[in-house]
Amino acid sequence: MPFLKSEHVMVKNIFLALGFTLTLIGCTTPAPRYSIDSTSYQATGKNERIQFIVLHYTAENDAESLRILTEARVSAHYLILKKPDARIYQLVPDSERAWHAGAGSFAGRSVLNDTSIGIEIVNDGIAPEYRGQKGYHPYAHFVPFDALQIRKVAQLVNDLATRYRIDPTHIIAHSDMAPSRKIDPGAQFPWQRLYQEYGIGAWYDEADKAEFLNRRTLVAPSVQEIKQAFRDYGYPMNDTDTWDKASRDVIYAFQLHFRPEQPTGEMDAETYAILQALNRKYGG
Ligand SMILES: [Zn+2]
């Protein structure tokens with residue numbers, strides 16, 4: 001009789017379910033909480049998440065910089081005001097992403113916000129009377145940084161570079177990673193002094209530069225050869241056969257960093273010699 005049979009099955013199932021529930025109720029010991037053993041084994045395939053330090057100027061005063069970097073959709077890990085005291089503000093923990101880098105790339109890495117620490121320095125950038133002027137700004141258009149600000153930058157970058165074992169060539173300007181969008185921290189940022197006085201970042205050896213300048217051959221290097229040297233160092237340089245606007249933006253960014261007294265956006269022998277000297281020293 002199918003009806004009775006299925007009824008029998010149903011009753012049996014109810015008992016089974018009841019038994020199961022009773023078993024569950026009777027089981028009062030919870031499963032043991034897992035534990036993390038972080039010392040017994042260690043992987044070798046790993047690297048620091050933070051690989052770059054990107055330096056900026058805010059082009060605003062102290063109050064506006066603080067307001068924008070804490071309230072707007074832009075931020076940085078550290079902020080160095082003009083106010084002459086020993087304080088550096090940390091606005092974002094190192095372990096979290098700050099929104100300071102935006103679109104761009106360096107050393108084959110894009111999305112620099114993921115892998116960098118951003119440091120904003122309060123500085124006017126381009127002096128007000130020169131803002132809005134077309135073309136590349138010369139050295140004299142940039143406003144100098146305060147000595148105390150630079151000392152604080154030096155100490156902070158030194159600490160961060162040591163803590164995260166950051167490659168000297170990965171301590172960069174915002175303009176290095178976004179040459180067509182950004183010119184900060186500009187020509188007055190003392191990269192050479194930071195290297196010479198504090199051992200921070202990358203700088204070329206004068207002897208190498210002189211050698212490359214003297215070595216100039218009768219046959220001028222091709223555009224592609226020079227562009228490749230920029231890419232070797234890490235710059236986001238395109239591979240067109242001309243010095244188009246995007247390429248000149250890279251030249252200008254490079255000069256802001258490594259030949260700040262004469263940033264032109266034009267390719268010349270000294271710029272190429274400096275680039276080659278850097279690639280020789282840092283294996284680009
Ligand atoms: Zn910036």
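Everything that follows concerns the structure shown earlier in this document.
Computed from a predicted structure; not experimentally measured. (Residues numbered from 1 in each chain as written. Predicted model: local features only at pLDDT ≥ 70, side-chain atom pairs only at ≥ 80, totals over all residues. Heavy atoms only, no water.)

Moving on, we get to the coordination of the zinc ion. At the metal site, the zinc ion is ligated by H56 (ND1), H174 (ND1) and D184 (OD), and these contacts range over 2.1 Å. Each donor residue of the zinc ion belongs to the same chain, with the gaps between them written as H-x117-H-x9-D. With H56 in strand β1 (residues 52–57) and D184 in the loop between α4 (174–177) and α5 (191–198), the pair connects residues that are 128 residues apart, well separated along the chain. The burial state of H56 is the same as that of D184; both residues are buried. (Donors = N, O, S within 2.8 Å, 3.2 Å for Na, K, Ca; no water. Helix = DSSP H or I, 4+ residues; strand = E, 2+ residues; numbered from the N terminus. Buried < 20%, exposed > 50% of the residue type's maximum accessible area, 1.4 Å probe, protein only.)

Right, let's get into helix α2 (residues 62–71). For α2, every residue scored as buried is listed here: D62, S65 and L69. Axial view of α2: buried residues confined to an arc of 65°, hence all on one face. Pointing more than 90 degrees away from the buried face of α2 are the exposed residues A63 and E71. For α2, the elements touching its buried residues are β2 (78–80) and β6 (116–121). Capping the start of α2 is the job of one residue whose side-chain oxygen sits 3.3 Å from the backbone nitrogen of A63: N61. (Arc of directions from axis to C-beta. Contact = heavy atoms within 4.5 Å. Polar contact = N/O pair within 3.5 Å; in protein donor to acceptor, adjacent residues only side chain to side chain.)

Strand order in the open sheet formed by five strands is β3-β2-β6-β1-β7, and the pairing between neighbours is mixed. Both outer strands of the open sheet, β3 (89–90) and β7 (171–173), are each paired with one neighbouring strand and no more. Note: β2 against β3, two bridges, orientation antiparallel. Its bridge partner being in β3, L79 is matched across the sheet by Y89. (Pairing = 2+ DSSP bridges.)

Another point: the packing of helix α7 (residues 223–233) against helix α9 (residues 269–282). Two elements in contact, α7 and α9, have axes separated by 10 Å at closest approach and are oriented at 45°. With respect to each other, α7 and α9 are oriented oblique. Handedness of the α7/α9 crossing: left-handed. When α7 is examined against α9, the residues E225, I226, A229, F230, D232 and Y233 are found in contact with a partner set consisting of Y272, L275, L278, N279 and Y282. A per-class count over the contact of α7 with α9 returns eight nonpolar, one polar and two charged. (Axes fitted to C-alpha atoms, helices over the stretch in contact; angles between N-to-C directions. Parallel < 35°, antiparallel > 145°, perpendicular 65-115°, else oblique. Left-handed = near helix turned anticlockwise from the far one by under 90°. Nonpolar A, V, L, I, M, F, W, Y, C, P; charged D, E, K, R; others polar.)

Further remarks concern the side chain of H56. Take H56: its relative accessible area is 1%, and that puts it in the buried class. Not counting residues up to four positions away in its chain, the partners in contact with H56 are H100, I119, E120, I121, H174, D184 and P185.

Tallied over the entire structure, the rule returns 17 salt bridges. The shortest N-O distance in the salt bridge between K245 and D249 comes to 2.8 Å. Of the two residues, K245 and D249 are both situated in helix α8 (residues 245–258); the distance of four residues between them amounts to about one turn of the helix. Under the relative-accessibility criterion, D249 is labelled buried at 4%. Connected via shared salt-bridge partners are D208, E211, R215 and R280. (Salt bridge = Lys/Arg side-chain N within 4 Å of Asp/Glu carboxyl O.)

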